[in-house]
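# Results of the structural survey
Residues per chain are reported as follows:
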Amino acid sequence: MSLPELHTLGITEVAASVESGILIITLRSSRKMNSFTEKMGLDLTRVIQWGDANDQVRVLLLTADPKSPAFCAGADMEEVIKGSVLLGRKEDTEDEHRDPGGQVAMSIYNNRKITIVAVNGHASGSGFTSLQLPFDFRFIWAGAQITLPFLRLGILPESTSTYLLSRLVGQSRATSILLSNAKMQPSSPNLSILYHDILPNKEDVFPAALSFAKMISTNSAPVSVSYTKGLLHHPGQTIEENHLLDSRAMKRRGASKDGEEGLKAFMQRRSPNFPDTVSNETWYPWWKPRDVGHPKAKL
Amino acid sequence: MSLPELHTLGITEVAASVESGILIITLRSSRKMNSFTEKMGLDLTRVIQWGDANDQVRVLLLTADPKSPAFCAGADMEEVIKGSVLLGRKEDTEDEHRDPGGQVAMSIYNNRKITIVAVNGHASGSGFTSLQLPFDFRFIWAGAQITLPFLRLGILPESTSTYLLSRLVGQSRATSILLSNAKMQPSSPNLSILYHDILPNKEDVFPAALSFAKMISTNSAPVSVSYTKGLLHHPGQTIEENHLLDSRAMKRRGASKDGEEGLKAFMQRRSPNFPDTVSNETWYPWWKPRDVGHPKAKL
Amino acid sequence: MSLPELHTLGITEVAASVESGILIITLRSSRKMNSFTEKMGLDLTRVIQWGDANDQVRVLLLTADPKSPAFCAGADMEEVIKGSVLLGRKEDTEDEHRDPGGQVAMSIYNNRKITIVAVNGHASGSGFTSLQLPFDFRFIWAGAQITLPFLRLGILPESTSTYLLSRLVGQSRATSILLSNAKMQPSSPNLSILYHDILPNKEDVFPAALSFAKMISTNSAPVSVSYTKGLLHHPGQTIEENHLLDSRAMKRRGASKDGEEGLKAFMQRRSPNFPDTVSNETWYPWWKPRDVGHPKAKL
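- Database annotation for chain A, UniProt heading Sequence similarities (unreviewed entry): "Belongs to the enoyl-CoA hydratase/isomerase family."

## A short note on the relation of the copies chain A and chain B
- Superposition of chain A onto chain B requires a rotation of 120 degrees combined with a translation of 0.0 Å along the rotation axis, giving an RMSD of 0.0 Å. As the rotation angle and translation indicate, the two copies are arranged about a three-fold axis. Identified as the residue of chain A closest to the rotation axis by C-alpha distance is Gly170(A), at 3.6 Å.
- Looking at the interface residues of chain A, only 6% of them are also at the interface in chain B, so each copy uses its own face.

## Quick notes on the side chain of Ser159(C)
- Along the chain, the position of Ser159(C) falls in the loop between strand S8 (146-147) and helix H5 (161-169).
- Side chain to side chain, Ser159(C) and Glu158(C) meet in a polar contact 2.7 Å long.
- With residues up to four places along the chain from it excluded, the contact list for Ser159(C) reads Asp246(A), Asp99(C), Gly101(C), Gly102(C), Ala105(C), Ser126(C), Thr129(C), Ser130(C) and Leu164(C).

## Some thoughts on the environment of Lys39(C)
Residues and elements named next belong to chain C.
- For Lys39, the location among the structural elements is in helix H1 (residues 38-53).
- With residues up to four places along the chain from it excluded, the contact list for Lys39 reads Gly10, Ile11, Thr12 and Glu13.
- At 2.4 Å, the side chain of Lys39 forms a polar contact with the side chain of Asp43.

## A closer look at the sheet that holds strand S8 (residues 146-147) of chain B
Residues and elements named next belong to chain B.
- Here we have three strands laid out as an open sheet, ordered S4-S6-S8, and parallel in their pairing. Looking at strand neighbours, the two that pair on one side only are strand S4 (70-72) and S8, the edges of this open sheet.
- Relative to strand S6 (residues 122-124), S4 is paired through two bridges, and the arrangement is parallel. When the sheet's bridge partners are listed, Ala70 is paired in S6 with His122.

## A closer look at the sheet that holds strand S7 (residues 137-141) of chain A
Residue and element names in this part refer to chain A.
- The strand order S1-S2-S3-S5-S7-S10 describes an open sheet built from six strands, whose pairing is mixed. Across the chains shown, the open sheet's two edge strands, defined by having one partner strand only, are strand S1 (14-19) and strand S10 (197-199). On average, adjacent strands in this sheet sit at an angle of 15 degrees to one another, irrespective of strand direction.
- Sheet analysis places S1 next to strand S2 (residues 22-27), joined by six bridges and oriented antiparallel. Its bridge partner lying in S2, Ala15 is registered against Thr26.
- Of the strands in this sheet, S1, S2 and strand S3 (59-64) are in contact with helix H1 (residues 38-53), which crosses S2 at around 175 degrees.

## Description of helix H6 (residues 171-179) of chain B
All names here are of chain B.
- In terms of burial, H6 is largely enclosed, as nine of its nine residues are buried.
- All of the buried residues along H6 are Gln171, Ser172, Arg173, Ala174, Thr175, Ser176, Ile177, Leu178 and Leu179.
- Backbone geometry just downstream of H6 places Asn181 in the positive-phi region, at approximately 65 degrees.

## Looking at the interface of chain A and chain B
- With 53 residues of chain A at the interface, the matching set in chain B holds 56 residues.
- Seen at the junction of chain A and chain B, the total is four salt bridges.
- Its salt-bridge partner being Arg248(B), residue Asp95(A) comes within 3.9 Å of it at the nearest N-O pair.
- Across the chain A-chain B interface, the total number found is 20 residue pairs in polar contact (both at pLDDT 80 or more).

## Thoughts on the nonpolar core
All names here are of chain A.
- Ranked by internal contacts, the top residues of the largest apolar core, which has 90 residues, are Leu27, Leu44, Phe71, Ile116 and Phe128.
- Looking at which element gives the most residues to this core, the answer is helix H7 (residues 205-219), with six residues.
- Beyond its immediate stretch of four places on either side in the chain, Leu27 contacts Glu13, Val14, Asn34, Met40, Leu44, Leu62, Thr63, Ala64, Asp65, Phe71, Cys72 and Leu131.

## A look at the packing of helix H6 (residues 171-179) of chain A against helix H8 (residues 222-233) of chain B
- At a closest axis distance of 11 Å, the pairing of H6(A) and H8(B) adopts a crossing angle of 160 degrees. With respect to each other, H6(A) and H8(B) are oriented roughly antiparallel. Remark: the crossing between H6(A) and H8(B) carries right-handed chirality. In this structure, H6(A) contributes Gln171(A), Ala174(A), Thr175(A), Leu178(A) and Leu179(A) to the contact, and H8(B) contributes Val225(B), Thr228(B), Lys229(B), Leu232(B) and His233(B).
- When the residues that make up the contact of H6(A) with H8(B) are grouped by side-chain class, the tally is five nonpolar, four polar and one charged.

## Section: the pairing of strand S5 (residues 114-119) of chain C
Residue and element names in this part refer to chain C.
- The element S5 is extensively covered by neighbouring structure, given that six of its six residues are classed as buried.
- Of the two faces of S5, the one lined by Ile114, Ile116 and Ala118 and the one lined by Thr115, Val117 and Val119 are each fully buried.
- The pairing of strand S3 (residues 59-64) with S5 spans four bridges and is parallel. The residue bridging Leu62 from the neighbouring strand is Val117, located in S5.
- Of the pairings in the sheet, the one linking S5 to strand S7 (residues 137-141) comprises four bridges and is parallel in character. Counted as the bridge partner of Ile116 is Phe137 from S7.

## Structural notes on the interface of chain C and chain B
- Listed per partner, the contact involves 56 residues of chain C and 53 residues of chain B.
- Carbon and sulfur atoms supply 63% of the area that chain C and chain B bury against each other, a total of about 4,700 Å² over both sides.
- Together, Ile239(C), Met250(C) and Lys251(C) form the three largest contributors to the area buried by chain C at its contact with chain B, with a combined 17%.
- In this structure, the connection of chain C to chain B is made through four salt bridges.
- On inspection of chain C and its partner chain B, the count reaches 19 residue pairs in polar contact (both at pLDDT 80 or more).
- Listed by contribution, the elements that provide at least two residues to the side of chain C that touches chain B are S7, H5, helix H7 (205-219), helix H8 (222-233), helix H9 (239-254) and helix H10 (257-267) of chain C.
- A total of 16 residues in the side of chain C that touches chain B trace back to one element, the largest contributor, which is H9(C).

## What to know about the environment of Ser211(A)
Residues and elements named next belong to chain A.
- Inspection of the secondary structure puts Ser211 in helix H7.
- Assessed through its relative accessible area of 47%, Ser211 is described here as partly exposed.
- C-alpha separation for the pair Ser211 and Gln103, spaced 108 residues apart in sequence, amounts to 28 Å.

## Observations regarding the packing of aromatic side chains
Residue and element names in this part refer to chain A.
- Scanning all chains against the criterion turns up 24 aromatic pairs over all chains.
- The structure contains a cluster of three or more aromatic residues connected by ring pairs, namely Tyr227, Trp283, Tyr284, Trp286 and Trp287.
- In this structure, Lys202 is placed above the aromatic ring of Trp141, and the distance from its NZ or CZ to the ring centre is 5.6 Å.

## Comments concerning the domain arrangement of chain A
Residues and elements named next belong to chain A.
- Segmentation of chain A into domains returns domain 1 (6-218) and domain 2 (221-280).
- Listed per partner, the contact involves 13 residues of domain 1 and twelve residues of domain 2.
- Between domain 1 and domain 2, a total of about 1,000 Å² is buried, with carbon and sulfur atoms accounting for 47% of that surface.
- Between Asp136 and Lys229 there is a salt bridge; the shortest N-O distance is 2.9 Å.
- At the boundary of domain 1 with domain 2, the tally comes to six residue pairs in polar contact (both at pLDDT 80 or more).
- Broken down by secondary-structure element, the contributors of at least two residues to the side of domain 1 that touches domain 2 are helix H3 (100-109) and strand S5 (114-119).
- Class assignment of the residues belonging to the side of domain 1 that touches domain 2 gives a composition of four nonpolar, three polar and six charged.

Cut-off values and rules
Residues numbered from 1 in each chain as written. Chains lettered and ligands numbered in written order. Predicted model: local features only at pLDDT ≥ 70, side-chain atom pairs only at ≥ 80, totals over all residues. Heavy atoms only, no water. UniProt positions renumbered as here; feature names shortened; annotations may be inferred. Least-squares fit on C-alpha atoms with pLDDT ≥ 70 in both. Contact = heavy atoms within 4.5 Å. Helix = DSSP H or I, 4+ residues; strand = E, 2+ residues; numbered from the N terminus. Polar contact = N/O pair within 3.5 Å; in protein donor to acceptor, adjacent residues only side chain to side chain. Pairing = 2+ DSSP bridges. Axes fitted to C-alpha atoms, helices over the stretch in contact; angles between N-to-C directions. Buried < 20%, exposed > 50% of the residue type's maximum accessible area, 1.4 Å probe, protein only. Salt bridge = Lys/Arg side-chain N within 4 Å of Asp/Glu carboxyl O. Core = buried A, V, L, I, M, F, W, Y, C linked by side-chain atoms within 4.5 Å. Parallel < 35°, antiparallel > 145°, perpendicular 65-115°, else oblique. Left-handed = near helix turned anticlockwise from the far one by under 90°. Nonpolar A, V, L, I, M, F, W, Y, C, P; charged D, E, K, R; others polar. Buried area = accessible area lost by both parts, 1.4 Å probe. Phe/Tyr/Trp six-rings, centres within 6.5 Å; stacked < 30°, edge-to-face > 60°. Lys NZ or Arg CZ within 6 Å of the ring centre and 35° of its normal. Domains from an automatic or database assignment.

Printed below as a string of structure tokens:
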């Protein structure tokens, strides 16, 4: 089974290209302010899962068209009013409904490659919850405004944000962020630790993230990255369980071709050239995977 | 079944009144330094649960009488010596004993309304563990001293603090706070992120918290708040489980009267006027509730 | 069953002595840069477990010989190349392999006494994961460089670091630290909250940690410390479960001889002199312990 070419995926609301192992995904919506539409959600999930499956891709990097006035303004309100699946306003049942922002969030969070977002403009609603929280690394413009209008709209923070935010920064900050209903700056004490770097100029966000992506992708074994992410997301219930897991992982990796090459490169003081590929890796998953596709998916 | 009036609850160690949707609870103990007595614990639990059940209440705001020399000095030692239930020094068994500070903490943490504390004085022991940690938002006076005398008394940090503190600020800070046995300032690196705001003047703490309470209560749908708190406290074990939960929540809220009103108000650029009430909400709980009342409550 | 004397443990790669209730363990490896060898791991586990069992020991304090050019340079690469159990490069199977750094980490994390590390030099690999993360308190020299070469070696962060780091500082910081493959300083925003104190001079790290160890050991009841650590590490799944646990703990401690002495000392404004001993304590564990020794240990 071979992968389709990137340009045959039928994506229209984002642009995508691969450059030295980095899949660059650019929000370039036909809607003003890059608002999140149903089609944008589908496009993102498709291209992100393509990046997960493609061994040429080592890093996924999401940003927005720098000409757009916003990084992403959240759910497209015109579409919402017309009855889109967004915000639960479509003719599906409570059991059938699957939040589109959460679908995108899971495709990012569960991705086995390194994921980076370069937030080069204002972000609202799902432009924060779905398009920032699930990434491994977040870069942002210091002037970006973060707005979460959920409680004011009579709905609630979605896109798995109640799960992710507590894990990422602790429940004290997560509660302040999600309940305070306020305009926030990246440098605020509650938000700042979410960001790997906060850049003073809007134009510097993407270059900084790209440069970091290049650095990180040339020196890290892709399969090692996927193991580390797997263990961070599914560390086991206790330190003993984690010890059993990382011991097995270490044994597999230490005895792998990558492990051999890593050690050689280290002794020879040169950059490593790792042969193992993520698509060939069969250890995953050690946790019980959950298929959320069925209307009767059990809670 | 109608609610009793606030003044018929028989509370004596705290004062309570409702003002524009905000239940203001003031520690005004007959004991010096507002020390935590058995009766204060009962009064607090009663009035806090009353606030949870009353749809007129959108925010609970706890503070201390500004004339008191302390916010709360912890367990009342005179009562402890006489054999109070406090600190486990009463004639009950290990199975029967229920820590009074923990009873208060659970009534705050499990409250479906927004909870805020304005710490306008020094705090010791349960004045920190029971009366600060379980709140959604903490405001404090910069000059307040936090003292945890548990290990020095041969007992241990109670009031569910070993659960709450790690979740709120991570285990590194939680361990430093609970084991270091030291006098702490709100601005110390380990404590500061617990506080939504740290005010230089003692007299400014309550007004700042009240102003925040008003802002937050007028713009947030109460049922949306209760859903968000429920998901933050019970997010599910995995991102997939959270996705199933917040998808259902979004569908319910998007299709609700609040959701309709929130969207209308947004389009008409006016403040929303939410009709749905927390007491009418039937979704809760999706987690397995635990009744701690029985001596044989299983662990 | 009496404890063996410290000097009969057969330890060679570390020095150890007890001084006013503090077990001081000093890395003094025969390998350059204090690199982590199989024998060093065994020595550390042995002496740390000895400290756990010995009632004279109230605090364990790890540091490195100040004359060593590094605190610990991570796995000894010469030994790795020759086929040590380190990094999974020995003739054991995936089921049998037990990461040596993780063995040390568990002996520290599960220790019932207060554990402190004084990092007085550079640290790499297991010099960070195994020898810093599992401690209750970390002191470090501001000039120390932290390097994590795992992904570059084609292996992965071990020593239960994927479990510990997320719990200690949240997943946002943990991901940045473990995936970024960069040289880090203790004062960097991602690392700083790991450290109880960051000292400008290398020579000041151990004295500061020792002084803290003395302060903390004289005023804290050892059994109270062990209960607090147990509850921080195994807080229960919900606030209700934690309430049942800390209520029982409080009842036991409040009714104990330590509780009596703590109260008396408090009323008499003197230092307490706690009679209860950790080795006599029988409440532990309330969680399901896991023996990781068997090759077929279930995950």
